[in-house]
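A structural walkthrough
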Amino acid sequence: MSEESIIVVKSDKNEQADSSENKLEELAHLFADPKIELSIIENSPICSKIIDLDRRLQYMSRGGIEALKIKDISKFYNKPYPPEEFPKHMHDLYDAHFMQASQGIATSFECPIPDMEGGEEWYLTNLTPIKNKEGQIIYIFASSANISKRKELELYMINTQQKLINASKITALGEMAAGVAHEINNPLGSIILRSNQIRRAVEREEISSEFLLDVISTIESTGARIKQIVEGLQNFSRSGDEVLSSSKKLKDLFNEVLILCRERYVKNSIDFTISDIPDDIEIHCNAAQMSQVILGILNNAYHAVKQEDPELRWIKISIEEKEDIVELQFTDSGKGVPEDFKEKIFQPFFTTKDVGEGTGLGLSIAMGIVKNHRGFLYLDESNKNTCFTLELPKLK
């Protein structure tokens, strides 16, 4: 957009704002009549209330009386609001926000509000101080708008996102299955071999304590490796809403992920390197979700390089600790993302993989998870290879 066109746009917005202000000035005389003001409040579907500074209800609009299914509003006037029969969470919210409003600070909150017939709806409540001519606060005006439909939509979106996350996770687990089986079979084979050695030594009566200790050490170490692989699978497979966010060492997070996918790189002659991760770098995260982000990026890198010449295949992870964040760069030997695809790669269901190899959910889901963790995920277009940068806030 040219500089000239930007100026025009700003000018249009200013003109619209001026026009709006002028209209308000033209209509201001209407609101000098308190009857008109009260009529607007009374006939609005919003639940409006006027509460004195002792928290006693002085007025409730018709919309509020109907919404809360109150049969005799007079029983509530000059009584504490919210009423005693309302749940504790409402009293706690009103305590905190009413104090702010009584100090001249307009405030708002969301919470479910019950009606007199046992129902319950979600409301957004705004508390605004009412002042007299001398500027003294004499009442608090409370307006509550029903937001139940919005809350239902939010819950639907959360559930849908979780289903997409789980679908993407199942795809990733399917891709890793062969490599994980190999990772478990190798140590199991070692345990079986060492067990047979003990059996033969016992049969020949040639067993010694030194030999036994050596075999036990091997079995313990290989058993620990299997345990690590299984724990990595369990952590990855958990539903994101089952895992609470907590502090997590970045080194441990990567160890749990890499044990699930490293075998694929070895099997396909992909040179994989990762820079040293300091033990003291910690992030606050949902470990199951962040594992999915890292694995998703690595799976994309795997698919990008596996078609190349075996001698040219490589994937590299570099980690740089900065003041408030840790920056992770995932670079592979791919030739970069085509220009036509750069604006689409984070869109749901967009994929460059062959049919049957991808759902197109990986990067879009990863982006959503990273945003929820107050981080950033983006394509580094300055790199001649394919490079994705992940920035996460670190614990201080």
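Here the structure is a predicted model, which is why all the values come from computation and not from measurement.

**Regarding the overall build of the protein**
Helix and strand content of the protein: nine helices and 12 strands. A burial count over the protein gives 37% of its 396 residues as buried. Restricting to contacts in the protein with at least 6 residues of sequence separation, those with at least 24 account for 61%. Entry remark: accessible area of the protein is about 23,700 Å², with carbon and sulfur atoms responsible for 53%.

**With respect to the sheet that holds strand β9 (residues 314-321)**
Taken together, the five strands give an open sheet; going across it, the order is β7-β9-β10-β12-β11, and neighbouring strands pair in mixed fashion. Edge positions in the open sheet fall to β7 (271-274) and β11 (376-379), since each of these has one partner strand only. Taking each pair of neighbouring strands and ignoring which way they run, the sheet shows an average axis angle of 10°. Looking at chain direction, β11 and strand β12 (residues 386-393) are connected through four bridges and run antiparallel. Bridge pairing in β12 links Tyr-378 to Thr-389. In the packing of helix α7 (residues 250-267) onto the sheet, contacts are made with β7, β9 and β10 (325-332), and the angle to β7 comes to roughly 175°.

**A short note on the sheet that holds strand β3 (residues 107-114)**
Here we have five strands laid out as an open sheet, ordered β2-β1-β5-β4-β3, and antiparallel in their pairing. Of all the strands in the sheet, the pair left with one neighbour each is β2 (57-60) and β3. In this sheet, neighbouring strand axes are inclined to one another by 25° on average, regardless of whether the strands run parallel or antiparallel. When strand β4 (residues 120-131) meets strand β5 (residues 137-146), the two strands line up antiparallel, connected through nine bridges. Paired with Lys-131 across the strands is Ile-137, a residue of β5. Along the sheet, helix α4 (residues 88-102) contacts β1 (47-52), β3, β4 and β5; its crossing angle with β3, the most-contacted strand, is approximately 155°.

**Notes on the confidence of the model for the protein**
The share of residues in the protein with pLDDT of 70 or more is 76%, and the mean pLDDT across the chain is 78. Predicted confidence for residues 1-13 stays below pLDDT 50, and this span has one contact to residues more than four positions away or in other chains.

**Let's talk about a nonpolar patch on the surface**
A cluster of nonpolar residues, Val-202, Ile-207, Leu-212, Leu-213 and Ile-216, forms a patch on the protein surface that exposes about 410 Å² of accessible area. Examining the composition of the nonpolar patch, we find that three residues originate from one element, helix α6 (residues 209-237), more than from any other. Take Ile-207: it is sitting in the loop between α5 (148-203) and α6.

**Examining the packing of aromatic side chains**
A full pass over the atoms with the stated rule returns six aromatic pairs. Between the aromatic rings of Tyr-81 and Phe-86, the centroid separation amounts to 6.3 Å while the plane-to-plane angle is 65°, which identifies the pairing as edge-to-face. Of the two residues, Tyr-81 and Phe-86, neither departs from the other in class, the shared state being buried. Ring geometry for Tyr-94 versus Phe-109: centroids 5.4 Å apart, planes at 75°, classification edge-to-face. With Tyr-94 in helix α4 and Phe-109 in strand β3, this residue pair connects regions lying 15 residues apart in the sequence.

**Remarks on the environment of Asp-380**
Looking at the secondary structure, you find Asp-380 in the loop between β11 and β12. Residue classification places Asp-380 among the buried positions, given a relative accessible area of 15%. Sequence separation of Asp-380 and Leu-390 is 10 residues, and the distance between their C-alpha atoms is 9.9 Å. Excluding residues that lie within four positions of it along the chain, Asp-380 makes contacts with Gln-329, Cys-387 and Thr-389. In terms of polar contacts, Asp-380 uses its side chain to reach the side chain of Gln-329, at 3.4 Å.

Definitions and limits used
Residues numbered from 1 in each chain as written. Predicted model: local features only at pLDDT ≥ 70, side-chain atom pairs only at ≥ 80, totals over all residues. Heavy atoms only, no water. Helix = DSSP H or I, 4+ residues; strand = E, 2+ residues; numbered from the N terminus. Buried < 20%, exposed > 50% of the residue type's maximum accessible area, 1.4 Å probe, protein only. Contact = heavy atoms within 4.5 Å. Areas by Shrake-Rupley, 256 points an atom, 1.4 Å probe, with all protein chains shown as cover. Pairing = 2+ DSSP bridges. Axes fitted to C-alpha atoms, helices over the stretch in contact; angles between N-to-C directions. pLDDT = per-residue confidence, 0-100. Patch = residues over 30% accessible without salt bridge, like charges linked within 9 Å, V, L, I, M, F, W, Y side chains within 5 Å. Salt bridge = Lys/Arg side-chain N within 4 Å of Asp/Glu carboxyl O. Phe/Tyr/Trp six-rings, centres within 6.5 Å; stacked < 30°, edge-to-face > 60°. Polar contact = N/O pair within 3.5 Å; in protein donor to acceptor, adjacent residues only side chain to side chain.

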